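Chain by chain, the residues run as shown.
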Amino acid sequence: MDLFDKCKQYERVKILKEMKLFPYFQEIEENNCTEVKIDGRMVIMAGSNNYLGLTKHPEVLAAAHKAMDDFGTSCSGSRFLNGNLVLHRELEEELADFLGVESSLVFTTGFLTNQGIIPTIVNRDECVISDKENHASIVAGTLIARAMASHVKRYANNDMESLKKLLLQLPPAAPKLLVSDGVFSMSGAVVDLPRLVQLAHGHNARVMIDEAHSIGVLGDGGRGVSSHFGMQNGRDVDLVMGTFSKSFASLGGFVAGGKEVVDYIKYNSQALIFSASMPPANVAAARTALRIIRREPERVQRLHDNAGYMRRGFRELGYQIPDDPTPIIPILIGDNMKTFRFCHRLLEEGVFANPVVSPAVPEGKQLIRSFFMATHEKRQLDRVLEVFGLVGREFGLLN
Ligand SMILES: Cc1ncc(COP(=O)(O)O)c(C=O)c1O
């Protein structure tokens, strides 16, 4: 047996490619945010996290260009040593102010942020408690924490009874970090934050929320999930984690919270210290996006209007759509191959959306994940609905 035998025997992709159904790594030849060119043809993008449609905003582009002119294309090192710019600090200060906390710290990606925070803050014999549907980067962080002899426990998705049971089994005095996505990226559901915080506070647990899909989306002016529930960062949520790769039209991640804790992460996280820092253009793009979000809260409202319009539209077609206030709308298909075929037909009809198959979701729960933006025009949304109607009828999902 050779180490690489598994690579030779890896058939899944080959089969889907032969069937011309492979939906991943699609090459985008041109990107106009709500429409992209694939195989020489413009299609409507209903599968992107560019929630506020800011990736081609003239101010964001100009700021990125200027930062590149001023600082070059790369920081060529980590923030710990040579790669720490005045731009990083300015972004951190503005972000902390936006989120209503003392301090924030930016990392190179959101994935690295989760991987960096969890094992830094949870040590030997302390506990991480994680929702079973948390993002892969949280799972990666918990695996490193486990390797360093902390305890990792998981509870059923957004199920506060399951969480309560788990907490009751753990030593009351053990220090704990309770970590959850704010909006679950597969279902678009919002975490039950009021109940989660209540349970955490009763069981010596600190709360960390991954706001990748809720910053710029939920709450007052896009301030995230605490604001959505009328709660407070710093008091109810101890650590806010987020990414700049979605509403902020850039690349990078952050953690925000009390100064002492953020400083501790800054001086101890390997993911921060041993990886090159967020490049100048990305820092400037994220900072400008943040300023636009603060100046123009109506963008967040437009995102909700579009998401609400699509949820109603899908329901009117006959799809069962959950009732969540987010722009992530799952359409249940229920079978792997059917999901791939469905996705392929959507693309043939000019709509790009994402297939989600097992094992990412349980058998029978395979779905098409659609995402909407503040900048989608009504004619584009109507076309998406028309195509989902057409393809849904072809597949016998609709009457
Ligand atoms: C919930 C969640 N957390 C973290 C990440 C990682 O963010 P990034 O793209 O900045 O690495 C993502 C990205 O998909 C996400 O959906």
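Structure shown above.
Here the structure is a predicted model, which means the values were calculated and not measured.

A. Up close: the sheet that holds strand 6 (residues 151-155). Across the sheet, which stays open at both edges, the 7 strands sit in the order 4-10-9-8-7-5-6 with mixed pairing between neighbours. At either margin of the open sheet sits one strand with a lone partner, and together these are strand 4 (103-107) and strand 6. For this sheet, the mean inter-axis angle between neighbouring strands, taken without regard to orientation, is 20°. By the bridge criterion, 5 bridges tie strand 5 (residues 127-131) to strand 6 in an arrangement that is parallel. Of the residues in strand 6, the one forming a bridge with Ile129 is Lys153. Strands in contact with helix 5 (residues 110-121) are strand 4, strand 5, strand 7 (176-181), strand 8 (205-210), strand 9 (239-243) and strand 10 (253-257); relative to strand 9, the strand with the most contacts, it is inclined by about 155°. Contacts from helix 10 (residues 259-268) reach strand 4, strand 9 and strand 10, with the element oriented near 25° to strand 4.

B. Focus on the nonpolar core. Counting residues in each nonpolar core, the largest one holds 65 residues, and the members touching the most others are Leu99, Leu163, Leu193, Leu196, Phe244 and Phe254. Looking at this core, the elements with two or more residues in it are helix 3 (58-71), helix 4 (86-99), helix 7 (160-169), helix 8 (193-202), strand 8, strand 10, helix 12 (280-295) and helix 13 (298-317). In terms of residues, this core owes the most to one element, helix 12, which gives 9 residues. Shared between two domains, this core holds at least three residues of each, these being domain 1 (5-51 + 297-394) and domain 2 (58-295).

C. How the structure looks around unusual backbone geometry. For the bond running from Ser358 to Pro359, omega is 10°, close enough to zero to count as cis. As for its position among the elements, Pro359 is in the loop between strand 13 (354-356) and strand 14 (367-371). Its identity is not glycine, yet Asp39 carries a phi of approximately 50°, on the positive side. The topology assignment puts Asp39 in the loop between strand 2 (35-38) and strand 3 (41-45). Judged by relative accessible area, Asp39 falls into the exposed class, the value being 69%. In the Ramachandran plot, Ser76 falls in the positive-phi region, its phi being about 55° despite a non-glycine side chain. Residue position: Ser76 is located in the loop between helix 3 and helix 4.

D. Expanded view of the sheet that holds strand 14. The antiparallel open sheet is built from 3 strands, whose spatial order is 11-14-13. The open sheet is flanked by strand 11 (328-332) and strand 13, the only strands paired with a single partner. Each adjacent strand pair in this sheet contributes to an overall mean axis angle of 30°, direction not counted. Pairing between strand 11 and strand 14: 5 bridges, direction antiparallel. In the strand pairing of strand 14, Leu332 is matched with Leu367.

E. Inspection of the pairing of strand 4 at higher detail. With 5 of 5 residues buried, strand 4 lies mostly within the body of the structure. What you see with strand 4 is no split at all: Ser103, Leu105 and Phe107 on one side and Ser104 and Val106 on the other are buried throughout. Bridge count for strand 4 against strand 10 is 5 bridges, and the pairing is antiparallel. Among the inter-strand pairings, Leu105 is bridged to a residue of strand 10, identified as Val255.

F. Layout of the environment of Ser370. Along the chain, Ser370 turns up in strand 14. With 39 residues separating them in the primary sequence, Ser370 and Ile331 have C-alpha atoms 7.7 Å apart. Residues in contact with Ser370, not counting those within four places in the same chain, are Ala46, Phe314, Pro327, Ile328, Ile329 and Ile331.

G. Layout of helix 4. Look at helix 4: 20 Å from first C-alpha to last across 14 residues, which is about the 20 Å you get at 1.5 Å a residue. Taken residue by residue, helix 4 has Leu87, His88, Leu91, Glu92, Glu94, Leu95, Ala96, Phe98 and Leu99 as its buried positions. Structurally, helix 4 contributes buried residues whose contacts are with helix 3, strand 4, strand 9, strand 10 and helix 12. Where helix 4 terminates, the next one or two residues include Gly100, which has phi positive at roughly 70°.

Quick notes on the rules
Residues numbered from 1 in each chain as written. Predicted model: local features only at pLDDT ≥ 70, side-chain atom pairs only at ≥ 80, totals over all residues. Heavy atoms only, no water. Pairing = 2+ DSSP bridges. Helix = DSSP H or I, 4+ residues; strand = E, 2+ residues; numbered from the N terminus. Axes fitted to C-alpha atoms, helices over the stretch in contact; angles between N-to-C directions. Contact = heavy atoms within 4.5 Å. Core = buried A, V, L, I, M, F, W, Y, C linked by side-chain atoms within 4.5 Å. Buried < 20%, exposed > 50% of the residue type's maximum accessible area, 1.4 Å probe, protein only. Domains from an automatic or database assignment. Expected span 1.5 Å × (residues − 1).

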